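Take a look at the letters that make up each chain.
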Amino acid sequence: MDLTMALAGLGVGIVVGLTGMGGGALMTPILVLLFGVPPIAAVSSDLAASAVMKPFGGAVHARRGTVNWRLVGWLCAGSVPSAFLGVLLLRMIGDDAATQHTIKIALGAALLLAAAGLVLKAWTGRRRPAETAPEPVRVRPLPTLALGVVGGLVVGLTSVGSGSLIIVVLLAIYPKLRANDLVGTDLVQAIPLVLSAALGHALFGDLHLDITGAVLLGSIPGVLIGARISSRAPVALIRTALVVVLLASALKLLDVPTAAVGVITGAAVLAAVVTAVVTRSRTGRVTVPSLRPARAGSIPAARPAAAELARD
C-alpha cells in the first residue's frame, strides 16, 4: 500500500467534500504525473475510488438538507446510461491521445469560464442585502437531463467532469442555487454517475484494486472532513473554495506547469483573503454612520460610548 498515494487521496478527498468537484480533474493527473500510472488505469482506478468516496460526503450533505433531490433525479436519469456508453466509446475508439486532449482542453476552458462567472456573481451581488432564506429553485427537466447526458459521456471517456463539468452548467442553469446546495447536489448526483462508469471499466478489466485501495485509504476521511466543513460553512467561503478549485483544475487540464499552477492559485487565494479583509473593514465603517439616527433624542446615547473609548 503506497502511503504517499493515500496522502494524495486525503488532499483530493478534502477538496471533493468541500467543493463537490475536483476529483477526476485532480486525482487522475496526480496518478499519471506523480506516480507513473498508465492513463487508462488511472481513469478506471479514480472512478472506482470516487464511487466509494463520494457517498460518504453525500451522506453528510443529505443529513444537513443541502441536496436538491429533484435535480439529482433528473441529472442521474441522463448521466448513468451515458457514462456507461462513454466507456464503450472509449473502448471502440481506443485511447486516442488527440481525442482525450481535445476533451480536456474544452473542459479546462469551461472551468475557467465558470470561475470567472462565480467571481462576477460575487462582485455584482456584494451590495445586495443578505437573504434570510434561500429562494425556491424551479427545476427545468429537459436542460437538466441534457446536462446529465453530456456529463456522463465525458466522465465515461475521461473520468473528469463528474463534479466540475456538472457544477459549471448547474451554475448557468440555476443561478439562484445556493453554493452549499450546489455542492451537496453535485456531490450526490455524482455517486451513481461514477459508479456506472467504474462498472464499465471494471467489466473491461481496466480496474487496478491496489491503486484504488491506496487512494481510498486517504480519500474517505478526507471527503468526510471536507463535506462536514462545506455543509456548515458560510456561502462566501464555499464560493471562494469553488473558484480556487475551478482555477487549479482548469490550469491542470490546460497542461499548465505545476509550478505555475501553484503560483497562480496561491495568488488567487491571497486575492480572496485581501478582498475579504477589505470588505469586512468597509462593512465595519458603514455601520458607524448607521448609528447616527435622524432624531436628536438618541444622540446622547451614542456620545458616552465615544467618550469611554476616548478615555481608554
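As the structure is a computational prediction, the values presented were derived from the model and not from experiment. (Residues numbered from 1 in each chain as written. Predicted model: local features only at pLDDT ≥ 70, side-chain atom pairs only at ≥ 80, totals over all residues. Heavy atoms only, no water.)

**Re the overall build of the chain**
For the record, the criterion: Where helices and strands are cited, they refer to DSSP runs of H or I of at least four residues and of E of at least two residues respectively, numbered from the N terminus. Residues are treated as being in contact if the distance between any of their heavy atoms lies within 4.5 Å.
If you tally the helices and strands in the chain, you get 12 helices and zero strands. The order of helices and strands in the chain, counted from the N terminus, is α-α-α-α-α-α-α-α-α-α-α-α. A sequence separation of at least 24 residues applies to 84% of the contacts in the chain between residues at least 6 apart.

**Section: unusual backbone geometry**
For the record, the criterion: Relative accessible area decides the class of each residue, using a 1.4 Å probe on protein chains only: under 20% of the type maximum gives buried, over 50% gives exposed, and in between gives partly exposed.
Here the phi dihedral of Asp 255 falls at roughly 65°; this positive angle occurs in a residue that is not glycine. Along the chain, Asp 255 turns up in the loop between α10 (235-253) and α11 (258-290). Overall, the relative accessible area of 52% leaves Asp 255 in the exposed class.

**Quick word on helix α4 (residues 69-93)**
Short version of the rule: Residue count minus one, scaled by 1.5 Å, sets the expected span of a helix. A residue's bend is given by the angle between axes fitted to the 7 residues ending at it and the 7 residues starting at it.
Taking 1.5 Å per residue as the helical rise, α4 with its 25 residues ought to reach 36 Å, and the 35 Å between its terminal C-alpha atoms agrees with that figure. The largest bend along α4 reaches roughly 35° and is located at Cys 76. Of the positions making up α4, those classed as buried are Leu 71, Val 72, Leu 75, Cys 76, Gly 78, Ser 79, Ser 82, Ala 83, Gly 86, Val 87 and Leu 90.

**Section: a positive patch on the surface**
So the rule is basically this: Each patch is assembled from residues with relative accessible area greater than 30% and no salt bridge, linking like charges that lie within 9 Å and nonpolar side chains (Val, Leu, Ile, Met, Phe, Trp, Tyr) that lie within 5 Å. With residues, only the protein chains shown are counted as cover, and all accessible areas are computed by Shrake-Rupley using a 1.4 Å probe. Criterion for a salt bridge: a side-chain nitrogen of Lys or Arg within 4 Å of a carboxyl oxygen of Asp or Glu. Positive charges come from Lys and Arg alone, negative charges from Asp and Glu alone, with His and the N- and C-terminal ends not counted. Here the site of a charge means atom NZ of a Lys, CZ of an Arg, CG of an Asp or CD of a Glu.
A surface patch of like charges, here positive, comprises Arg 63, Arg 64, Arg 228 and Arg 232. Turning to its location among the elements, Arg 63 is positioned in helix α3 (residues 39-64).

**Notes on the nonpolar core**
As a reminder, the rule being used: Only buried residues count toward a nonpolar core, which is a set of Ala, Val, Leu, Ile, Met, Phe, Trp, Tyr and Cys residues joined through side-chain atoms within 4.5 Å.
If you look at the biggest cluster of nonpolar residues, it comprises 21 residues, and the most contacted ones within it are Leu 111, Leu 147, Leu 170, Tyr 174 and Leu 182. At the level of secondary structure, the elements contributing two or more residues to this core comprise α4, α5 (97-124), α7 (164-173), α8 (179-203) and α10. Ranked by residues supplied to this core, first place goes to α7 with six residues. With residues near it in sequence (within four places) discarded, Leu 170 still touches Leu 75, Leu 147 and Leu 182.

**Quick notes on α3**
In this model α3 runs 37 Å from its N-terminal to its C-terminal C-alpha over 26 residues, within 8% of the 38 Å that 1.5 Å per residue would give. Directly beyond the C-terminal end of α3, a positive phi value near 75° is found at Gly 65.

**Describing the confidence of the model for the chain**
It should be kept in mind that the predicted coordinates are not to be read in detail where pLDDT is low. To be explicit about the condition: A score between 0 and 100, pLDDT records how confident the predictor is in each residue.
Here the chain averages 76 in pLDDT, while 75% of its residues score no lower than 70. Least confident of the elements in the chain is helix α12 (residues 299-311), whose mean pLDDT is 43; most confident is α4, at 88. A low-confidence stretch, residues 285-312 stays under pLDDT 50, and its non-local contacts, those more than four residues away or across chains, total one contact.

**Concerning the environment of Ser 50**
Relative to the elements of secondary structure, Ser 50 occurs in helix α3. Sequence separation of Ser 50 and Leu 193 is 143 residues, and the distance between their C-alpha atoms is 9.8 Å.

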